[in-house]
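# Analysis of the macromolecular model
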Amino acid sequence: MKRLVGFQYRADGLYCEGVRLADLAARYGTPLYVYSAGVIRDRYRRLSAAFAALRPRLYYAVKANANLSLLKLLKDEGAGFDVVSGGELARALAAGADPARVVFAGVGKTEAELTEALAARIGWFNAESADELARLNALASAAGRRPRVALRLNPDVEPDTHPHVRTGGGRSKFGFPLDEALSLLRSWDRFPALDLGGVHLHIGSQLADPAATLRALDVALDVIARDPRLTVLDLGGGFPVPYRESDAYPSIEAFAAPIVAKLGAWLGRLTFHLEPGRYLMAEAGALVTTVQAVKIMAGRRVVVVDTGLHHLLRPALYNAYHRVLPLARAAPAGVPADVVGPICESSDVLARERRLPELRPGEGLALMEAGAYGFSMASQYNAQVRPAEVLVTGEGARLIRRRETYAELMAPERECLDA
Ligand code: LLP
């Protein structure tokens, strides 16, 4: 029998693999992020298989979820890391990453961050401005180093996704416009300490289909064809996952197929990089919460829980949809309800007009598909501590981040109080 991975109902409630979520809530308290190691590994292997013909190198986009134990799990699967800050680099290294398997992206890398990445001897700098190139060139030359650099191209394509997570359009802040990239290639002598080697693309997240990626690839391949120094093509991330029951995004296999077909002919010359974030993590995580109060407001049922936009910002920021499942056995649907958090903002609504059973204080709920951009975007707003995190593996559940304390919230200020 195929071992069940991920989240499913059994007779006595909602499980993550072999562990009942209500038992985890009792043991560790809520709010609690729960992750399935089986789902992460499954998605890593499916993505690798879908692109296998290109023999890609996978760099997990750390921003999706930067927990050290999850980074280590992915490193053990063979992943490198895509980082966008000195902090993410420090996390990847702390998880045991091989620095040569780290790529550094981002529009605003500071001198300090570039220095840290040079000292760590990371694999690739994905550069986004001429000013960054000049700064990196000066730092590298002073350090007697010659780092490998890819140019992030702005291909001027608008993918079909939420406007907040489109990065490929000509009016966005990301990458080099085509004409500037071409002129930099012609005048690369200005950067003798930089080993030019590749082109980087990342046009957006949660891409509805591969069409925009294929258009962006035409732009990138045209640049690559003009310059034999370019031997790496980094395709970025953006692979979609379903959030709504009705979502019909292409599978990773269907998304990859036309890309693999287009790039196959370049295999002799190019090495391919991928930077998946959401695809590996979103469906692996749930945010478990406890009902605090239920009230009727203007005929609408309002369910107040112990988590909110401070722990899962996506609904407030992108109007994102996360399924809400009761931890007890799936009950017949009741009247539509809004699920809201404790934060003093009207935008602190996690789910609107959902058919949920009648709930009472103390009952548990799970916000699903919360593994990517959930904890990593969490804050301590309203002086709330962030959730604890638990990883479920074949062996059971283990804490991978204990809950913060009030003392930890205040520590950096307390040491200044009487100074
Ligand atoms: N590479 C680069 C350079 C990126 O900027 C990103 C994501 C990725 C890779 C990974 O993309 P993914 O495979 O996860 O789609 N907070 C938003 C998503 C922001 C994505 C930012 N960049 C959300 O919650 O939907």
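Provided above is the structure to which this section pertains.
What you see is a predicted model, and the numbers here were worked out from it, not measured in a lab.

## Some words on the sheet that holds strand E3 (residues 19-20)
What holds strands together in a sheet is hydrogen bonding between their backbones, with the strands either parallel or antiparallel. Across the sheet, which stays open at both edges, the three strands sit in the order E1-E2-E3 with antiparallel pairing between neighbours. If you trace the sheet from one side to the other, it starts and ends with strand E1 (7-10) and E3, each paired once. Pairing of E1 with strand E2 (residues 13-16) involves four bridges; the strand directions are antiparallel. Across the sheet, Tyr9 pairs through a bridge with Leu14, a residue of E2.

## A closer look at the packing of aromatic side chains
The full count for this structure, using the stated rule, is seven aromatic pairs. A ring pair is formed by Phe51 and Phe239, whose centres lie 5.5 Å apart and whose planes are at 55 degrees; its orientation type is tilted. One end of the pair, Phe51, is in the loop between helix H2 (37-50) and strand E5 (57-61); the other, Phe239, is in the loop between strand E12 (232-234) and helix H9 (252-263), with 188 residues separating them in the sequence. Comparing Phe51 with Phe239 shows no difference in burial state: the two are buried. An angle of 70 degrees between the planes, with centres 5.1 Å apart, marks the rings of Trp188 and Phe191 as edge-to-face. Site record: aromatic cluster; members linked through ring pairs are Tyr33, Tyr35 and Phe375. The ring centre of Tyr15 lies 4.4 Å from the NZ or CZ of Arg10, which sits over that ring.

## Looking at the side chain of Thr167
Along the chain, Thr167 falls in the loop between strand E9 (148-154) and strand E10 (176-177). A distance of 3.0 Å separates a polar side-chain atom of Thr167 from the backbone nitrogen of Gly204.

## A closer look at the site of the ligand
In the vicinity of the ligand there are 19 residues, among which Ser205, Glu275, Arg314, Tyr318 and Tyr373 approach most closely. Here Arg278 contributes a backbone N or O atom positioned 2.7 Å from an oxygen atom of the ligand. Starting from 590 Å² of accessible surface for the ligand in isolation, the protein chains cover 91%. Looking at the shell around the ligand residue by residue, the classes come out as six nonpolar, seven polar and six charged.

## Examining helix H8 (residues 211-226)
For H8, which comprises 16 residues, the first-to-last C-alpha distance of 24 Å matches the rise-based estimate of 22 Å (1.5 Å per residue) to within 8%. Those residues of H8 that sit buried are Ala212, Thr213, Ala216, Leu217, Val219, Ala220, Leu221, Val223 and Ile224. Against E9, helix H7 (178-186), strand E11 (195-200), E12 and H9 lie the buried residues of H8.

## Digging into unusual backbone geometry
The residue after Thr30, namely Pro31, is reached through a cis peptide bond having omega 0 degrees. Considering the arrangement of structural elements, one finds Pro31 in the loop between helix H1 (21-28) and strand E4 (32-36). At Tyr373, a position not held by glycine, the phi torsion is positive, near 60 degrees.

## Overview of the nonpolar core
If you look at the biggest cluster of nonpolar residues, it comprises 105 residues, and the most contacted ones within it are Phe51, Tyr60, Phe125, Leu133, Leu233 and Leu263. The element that contributes the greatest number of residues to this core is H8, accounting for eight residues. Discounting residues that sit within four places of it in the chain, Phe125 has contacts with Phe104, Leu114, Ala117, Leu118, Leu136, Pro147, Arg148, Val149 and Ala150. Ranked by size, the runner-up nonpolar core spans 20 residues in total, among them Tyr28, Val288, Ala366 and Ala397.

## Observations concerning the packing of H7 against H8
Two quantities define a packed helix pair, namely the angle between the axes and the distance from one axis to the other. Between H7 and H8, the least distance of the axes is 11 Å, while the angle of their chain directions is 15 degrees. On the basis of their axis angle, the class for H7 and H8 is roughly parallel. Crossing of H7 over H8 shows right-handed handedness. Two secondary-structure elements touch here, H7 through Leu178, Leu182 and Leu185 and H8 through Val219, Val223 and Arg226. Here the residues of the contact of H7 with H8 sort into five nonpolar, no polar and one charged.

## Thoughts on the pattern of salt bridges
Tallying each qualifying case throughout the model produces 21 salt bridges. With its nearest N and O atoms 2.5 Å apart, the salt bridge here joins Arg43 to Asp42. The class for Asp42 is partly exposed, based on a relative accessible area of 29%. Taken together, the shared-partner salt bridges connect Arg41, Arg45 and Glu77 into one network.

## Thoughts on the packing of H8 against H9
One way to put it is that H8 packs onto H9 with a least axis distance of 10 Å and a crossing angle of 20 degrees. The orientation of H8 with respect to H9, classified from their angle, is roughly parallel. Seen from above, H8 lies across H9 with right-handed handedness. In this structure, H8 contributes Thr213, Leu214, Leu217, Asp218 and Leu221 to the contact, and H9 contributes Phe255, Pro258, Ile259, Lys262 and Leu263. Among the residues forming the contact of H8 with H9, the class breakdown is seven nonpolar, one polar and two charged.

## Focus on the pairing of strand E15 (residues 300-305)
Among the six residues in E15, five count as buried, and that is most of the element. The antiparallel hairpin formed by strand E14 (residues 285-297) and E15 contains two residues in its connecting segment, where Ala298 sits at a positive phi of about 50 degrees.

## Side note on the side chain of Asn67
By the element assignment, Asn67 lies in the loop between E5 and helix H3 (68-77). Here Ile400 takes part through its backbone oxygen, which lies 3.3 Å from a polar atom of the side chain of Asn67. Once residues lying within four places of it in the same chain are set aside, the contact partners of Asn67 are Arg91, Glu389, Ile400 and Arg401.

## A word on H1
All of the buried residues along H1 are Leu21, Leu24, Ala25 and Tyr28. Down the axis of H1, the smallest arc covering the buried residues is 100 degrees, so these residues share one side. Away from its buried face, by an angle of more than 90 degrees, H1 presents the exposed residues Ala26 and Arg27. Gly29 sits one or two positions beyond H1 and adopts a positive phi of about 80 degrees.

Rules behind the numbers
- Residues numbered from 1 in each chain as written.
- Predicted model: local features only at pLDDT ≥ 70, side-chain atom pairs only at ≥ 80, totals over all residues.
- Heavy atoms only, no water.
- Pairing = 2+ DSSP bridges.
- Helix = DSSP H or I, 4+ residues; strand = E, 2+ residues; numbered from the N terminus.
- Phe/Tyr/Trp six-rings, centres within 6.5 Å; stacked < 30°, edge-to-face > 60°.
- Buried < 20%, exposed > 50% of the residue type's maximum accessible area, 1.4 Å probe, protein only.
- Lys NZ or Arg CZ within 6 Å of the ring centre and 35° of its normal.
- Polar contact = N/O pair within 3.5 Å; in protein donor to acceptor, adjacent residues only side chain to side chain.
- Near = heavy atom within 4 Å.
- Areas by Shrake-Rupley, 256 points an atom, 1.4 Å probe, with all protein chains shown as cover.
- Nonpolar A, V, L, I, M, F, W, Y, C, P; charged D, E, K, R; others polar.
- Expected span 1.5 Å × (residues − 1).
- Contact = heavy atoms within 4.5 Å.
- Core = buried A, V, L, I, M, F, W, Y, C linked by side-chain atoms within 4.5 Å.
- Axes fitted to C-alpha atoms, helices over the stretch in contact; angles between N-to-C directions.
- Parallel < 35°, antiparallel > 145°, perpendicular 65-115°, else oblique.
- Left-handed = near helix turned anticlockwise from the far one by under 90°.
- Salt bridge = Lys/Arg side-chain N within 4 Å of Asp/Glu carboxyl O.
- Arc of directions from axis to C-beta.

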